[in-house]
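# Architecture at a glance
Each chain, written out:
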Amino acid sequence: NHTDRQGDTVVSRFSMAVGWDPGSPPAADPGSEMPVLKLDQPAGNHNGGHLAFGPDGYLYIGTGDGGGSGDKYGNGQNGTTLLGAMLRLDVDSGEPYTIPVDNPFVGDPDIRDEIWALGLRNPWRYSFDRLTGDLYIADVGQNAYEEVHLQPAAQAGGQNYGWPIMEASHCFPADLKCDQAGLTLPLIEYDHAQGCSVTGGYVYRGKEFPEFQGVYVFGDYCSGRIWGMAAQAGGKPQVVELARADVQLSTFGEDEGGELYILDMGRGELFKLVVLPR
């Protein structure tokens, strides 16, 4: 998933290079590109950018609302556009893709078949718990709140996460009354006293931190804060600050063993989260 030189979103597929040595780092054939999806972007921000394959084998594509401020282009609640949404595509059964038959809006003339959920502002990193299949979506807020949504694995799609009717669990703009009927509110939120742009992470399933098993780890791009979220009795989330890193935390990464990494966009450096010796 990349932004091309015209400022538009392009999702492309590449094949492994012919003769690739399994003992060497993976290499893609640059001449094998097959565009899967292209989205015209009306502004230079809120392009989303993340991709993830779900436990169901389908490709999930998070798209921003098209940019500007306050959803000026009206895409967050517009089902006829693929912006401001989570898309779900089958990239194995057709070229460039087919629509999974159980996508929630198939047959609805007012909402595109590709859409899995809508009402997102700029989903900046989302991930599936490798053990449970639960989907966590971190959505960047406007001027006041950042939010994280949870879609349990047993739940079908079709959620409306509220933007721009809501910013997190608050009416947007804040001085307006709003109708929350049919909207899915975030699992957790934080205000801009703690940061300004959420960066979604992963549910920890590694071995380096056994006490963090099942904890969702996420952070903030601006403040470098890293939090862990675990469910308390009754299902209420408990959020604890784990660290403050001197980084512009643009993304988390997860390796095959379930250990976590962070990327500093400012210096272009990659760090692994480890236990420091006492």
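Since the model is a prediction, treat every value here as computed from it, not as a measurement.

### Some words on the overall build of the protein chain
Each helix and strand counted, the protein chain has zero helices and 20 strands in total. Since a compact globule built from 278 residues should have a radius of gyration of about 19 Å, the 19 Å found for the protein chain is in line with a globular shape. The C-alpha extent of the protein chain, read off along each of the three principal axes, is 60 × 60 × 35 Å. For the protein chain, with 278 residues in total, the buried portion stands at 46%. In the protein chain, the share of contacts with a sequence separation of at least 24, taken over all contacts with a separation of at least 6, comes to 50%. When the accessible surface of the protein chain is summed, it comes to about 13,700 Å², and 52% of that surface belongs to carbon and sulfur atoms. Of the charged side chains in the protein chain, 18 are positive and 38 negative; the average position of the first set lies 5 Å away from that of the second.

### Digging into the sheet that holds strand β14 (residues 198-203)
What the four strands build is an open sheet, ordered β14-β15-β16-β17; its pairing is antiparallel. Looking at which strands have only one partner, the edges of the open sheet turn out to be β14 and β17 (237-244). Neighbour to neighbour, the strand axes of the sheet diverge by 25° on average, direction disregarded. Relative to strand β15 (residues 216-220), β14 runs antiparallel, the two being bridged by four bridges.

### Some points on the packing of aromatic side chains
One pass over the full model with this rule turns up nine aromatic pairs. Ring geometry for Y204 versus F209: centroids 5.7 Å apart, planes at 70°, classification edge-to-face. Residue Y204 shares its accessibility class with F209, and that shared class is buried. Of the aromatic side chains, those joined through ring pairs into one cluster are Y136, Y190, Y216, F218 and W227. Over the aromatic face of W124 sits the side chain of R125, whose NZ or CZ is 3.9 Å from the ring centroid.

### Structural notes on the pairing of strand β8 (residues 123-128)
A regular strand places its side chains so that they alternate between the two faces of the sheet. Counting buried positions along β8 gives five out of six residues, so the element sits mostly inside the fold. Bridge count between β8 and strand β9 (residues 135-139): four bridges; the pairing is antiparallel. Each residue of the ladder has a partner; that of F128, found in β9, is L135. Counting the residues that bridge the hairpin from β8 to β9 gives six residues, and of these G133 lies at a positive phi of roughly 85°.

### Considering the pairing of strand β6 (residues 85-89)
Among the five residues of β6, five are classified as buried, and the element is accordingly described as predominantly covered. Of the two faces of β6, the one lined by A85, L87 and L89 and the one lined by M86 and R88 are each fully buried. Pairing analysis gives four bridges linking strand β5 (residues 59-62) to β6, with the strands arranged antiparallel. Across the sheet, the residue bridging to I61 is L87, located in β6.

### Side note on the pattern of salt bridges
Counted according to the given criterion, the structure contains 11 salt bridges. In this structure, R225 engages E241 in a salt bridge whose closest nitrogen and oxygen atoms are separated by 3.1 Å. Here R225 is found in strand β16 (residues 225-231), whereas its partner E241 is found in strand β17, with 16 residues between them in sequence. By relative accessible area, which is 34% here, E241 ends up partly exposed. When the shortest N-O distance is used, the salt bridge between E241 and R244 registers 2.6 Å.

### As for the nonpolar core
In terms of nonpolar packing, the biggest core is built from 17 residues, with V36, L37, I61, L87 and I115 touching the most fellow members. When residues of this core are traced back to their parent elements, those giving at least two are β3 (34-39), β5, β6 and β7 (115-118).

### Examining the sheet that holds strand β20 (residues 269-272)
With antiparallel pairing, three strands are arranged side by side in an open sheet as β18-β19-β20. If you trace the sheet from one side to the other, it starts and ends with β18 (249-254) and β20, each paired once. When strand polarity is set aside, the average angle formed by the axes of neighbouring strands in this sheet is 25°. Of the pairings in the sheet, the one linking β18 to strand β19 (residues 260-264) comprises five bridges and is antiparallel in character.

Calculation notes
Residues numbered from 1 in each chain as written. Predicted model: local features only at pLDDT ≥ 70, side-chain atom pairs only at ≥ 80, totals over all residues. Heavy atoms only, no water. Helix = DSSP H or I, 4+ residues; strand = E, 2+ residues; numbered from the N terminus. Rg over C-alpha atoms; globule rule 2.2 N^0.38 Å. Buried < 20%, exposed > 50% of the residue type's maximum accessible area, 1.4 Å probe, protein only. Contact = heavy atoms within 4.5 Å. Areas by Shrake-Rupley, 256 points an atom, 1.4 Å probe, with all protein chains shown as cover. Lys, Arg positive; Asp, Glu negative; His and termini not counted. Charge placed at Lys NZ, Arg CZ, Asp CG, Glu CD. Pairing = 2+ DSSP bridges. Axes fitted to C-alpha atoms, helices over the stretch in contact; angles between N-to-C directions. Phe/Tyr/Trp six-rings, centres within 6.5 Å; stacked < 30°, edge-to-face > 60°. Lys NZ or Arg CZ within 6 Å of the ring centre and 35° of its normal. Salt bridge = Lys/Arg side-chain N within 4 Å of Asp/Glu carboxyl O. Core = buried A, V, L, I, M, F, W, Y, C linked by side-chain atoms within 4.5 Å.

Any link to function would need more than the numbers given here.
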